[in-house]
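Chains, contacts and geometry: an overview
Here's the letter readout for the chains.
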Amino acid sequence: MSFDSYDFDTPVDRRGTWCVQWDGAADRFGADGLLPFTISDMDFTSPPEVLDALQRRVAHGVFGYTDWRTEDFLSAVRHWFSSRYGTEIDTGRMVYAPSVLSQLSQLLRMWTEPGDGVVVHTPTYDGFRKVITGLGREPRGVPVGDTAALERQLARADSKVLVLCSPHNPTGKVWTEAELTETARLAAAYDVAVVSDEIHADFVHAGHVHLPWTRFAAGRWALVTSATKAFNFPALSGSYGIIGDPDDHAEFLRRIQTGEGLASPSVLSLTAHIAAYREGGPWLEQLNAYVAANLRMVAERIHSAFPELGWQPPQAGYLAWIDLRPLGVDDEALQRELIEHEKVAIMPGTTYGCDGFVRFNVGCPRAKAEQGVDALIRALHRLAR
């Protein structure tokens, strides 16, 4: 089936669907009925090409044990990396797991011991921090863009892994070729393994280019990613990775299939991945243009209200990381205003280890994004010095 255009404006009611962003807002923010701009999934339906493929697979009616090491899936991944990133990958080094965080957890168990340091960029996606600390490892934060601080942390004898978020969540930074080359050089110099989480790679905006870690890798490394973020089917689960060292690759498979008992993936996840990578490109291009327009709208309204912030849209993603520190607004007071008076839920920067910021999700119809940014501006007007 062929589609010439896609509808991102029509709202989809997600309430009552066990949805973390909508149905779980009260648990996180302590109030019912909030309009959420929080967890990083989108309010859009998945591409019709993906939905068609899922419906055909459901109609088959048999959902037995499944093997991900099929040419249908592997060739779809090869096609995506080749056509979208101009990068050829060795699918013989691929692995599969329920999520990128489950892959990270397994890699940290393989490459570190309790008490070892794991270097991350700050602000830090809270999922990374939970995995690292939950395994008894020590997160070592390095400000985004601070190469000297990165080298200091990598040089510590017990720093064993660098977790690279590429593009970066929550800032939306796209790492340049020079930055990735230097990161690879430092990691190799200090014998630190690199895990590059590239789940946000498909959202890079005009003027920027995502470069997969496979182009820079040396020593121990893994690239972990998934189509679930870009094509909005995280509830189907499923992620894949590429591991450089053959022995590490074999050990990861052994652990995931025996120790974790995860030999059979979700057949619907495989179906969705294949359809997304084979047929979903036009939908993704239109989605990215729509999201970029949402971000420009946010920038225009914030600049009109608070030009002193100088806020610009991110280089990638649908998450607006907004520095409010020039306004001198207290984080807790802002959250009270947003929740109690504006009835919206927006993630505070403290979730990612940074006071004075918010992370505002605009992966939604424009009318909803407008409601959210206007609510944020009203709350800031009441609180700003």
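Keep in mind that this is a model prediction, so the values were computed, not measured.

Rules of the game
Residues numbered from 1 in each chain as written. Predicted model: local features only at pLDDT ≥ 70, side-chain atom pairs only at ≥ 80, totals over all residues. Heavy atoms only, no water. Pairing = 2+ DSSP bridges. Helix = DSSP H or I, 4+ residues; strand = E, 2+ residues; numbered from the N terminus. Axes fitted to C-alpha atoms, helices over the stretch in contact; angles between N-to-C directions. Contact = heavy atoms within 4.5 Å. Buried < 20%, exposed > 50% of the residue type's maximum accessible area, 1.4 Å probe, protein only. Phe/Tyr/Trp six-rings, centres within 6.5 Å; stacked < 30°, edge-to-face > 60°. Lys NZ or Arg CZ within 6 Å of the ring centre and 35° of its normal.

The subject of this paragraph is the sheet that holds strand E9 (residues 319–323). Reading across from one edge, E1-E10-E11-E9 is the order of the 4 strands in this open sheet, with mixed pairing throughout. Strands with a single pairing partner mark the edges of an open sheet, and in this sheet they are strand E1 (35–37) and E9. In this sheet, adjacent strand axes meet at a mean angle of 35° when their direction is disregarded. Relative to strand E11 (residues 357–361), E9 runs antiparallel, the two being bridged by 5 bridges. The residue bridging Ile322 from the neighbouring strand is Val358, located in E11. Its contacts with the sheet place helix H13 (residues 366–383) against E1, E9, strand E10 (344–348) and E11, and it is angled at close to 90° to E1.

Working definition: the strands of a sheet are paired by backbone hydrogen bonds and lie parallel or antiparallel to each other. The sheet built from 7 strands is open, its strands ordered E2-E8-E7-E6-E5-E3-E4 with mixed pairing. Here the strands that pair on one side only, and so sit at the sheet edges, are strand E2 (94–97) and strand E4 (138–143). The average angle at which neighbouring strand axes cross in this sheet is 25°, direction not considered. Where strand E3 (residues 117–122) meets strand E5 (residues 159–165), 4 bridges bridge the pair, whose relative direction is parallel. In the sheet register, Val119 faces E5, and the bridge partner there is Leu162. The strands that helix H7 (residues 147–154) touches are E3, E4 and E5; relative to E4, the one it contacts most, it runs at about 160°.

With respect to the secondary-structure elements, Pro348 resides in strand E10. Note on Pro348: relative accessible area 15%, which makes it buried. In this structure the C-alpha to C-alpha distance between Pro348 and Gln335, which are 13 residues apart in sequence, comes to 7.5 Å. Setting aside residues up to four positions removed in sequence, Pro348 forms contacts with Gln335 and Phe357.

Glancing now at the packing of aromatic side chains. Inspection of the entire model under this criterion finds 19 aromatic pairs. Note on Phe203 and Tyr318: the rings are 5.2 Å apart at their centroids and 85° apart in plane angle, and the pair reads as edge-to-face. Of this pair, Phe203 sits in the loop between strand E6 (193–197) and strand E7 (221–225) while Tyr318 sits in the loop between helix H11 (281–305) and E9, and the two are 115 residues apart along the sequence. Each of the two residues, Phe203 as well as Tyr318, counts as buried. Members of the aromatic cluster, each reached through a chain of ring pairs, are Phe8, Phe44, Trp68, Phe73, Trp80, Tyr96, Phe231, Tyr240, Tyr277, Trp283 and Tyr290. One Lys or Arg, Arg366, reaches over the ring of Tyr290 and ends 4.3 Å from the middle of that ring. The ring of Phe37 is capped by Lys368, whose NZ or CZ atom sits 4.7 Å from the centre of that ring.

None of the figures reported here should be taken as evidence of function without further support.
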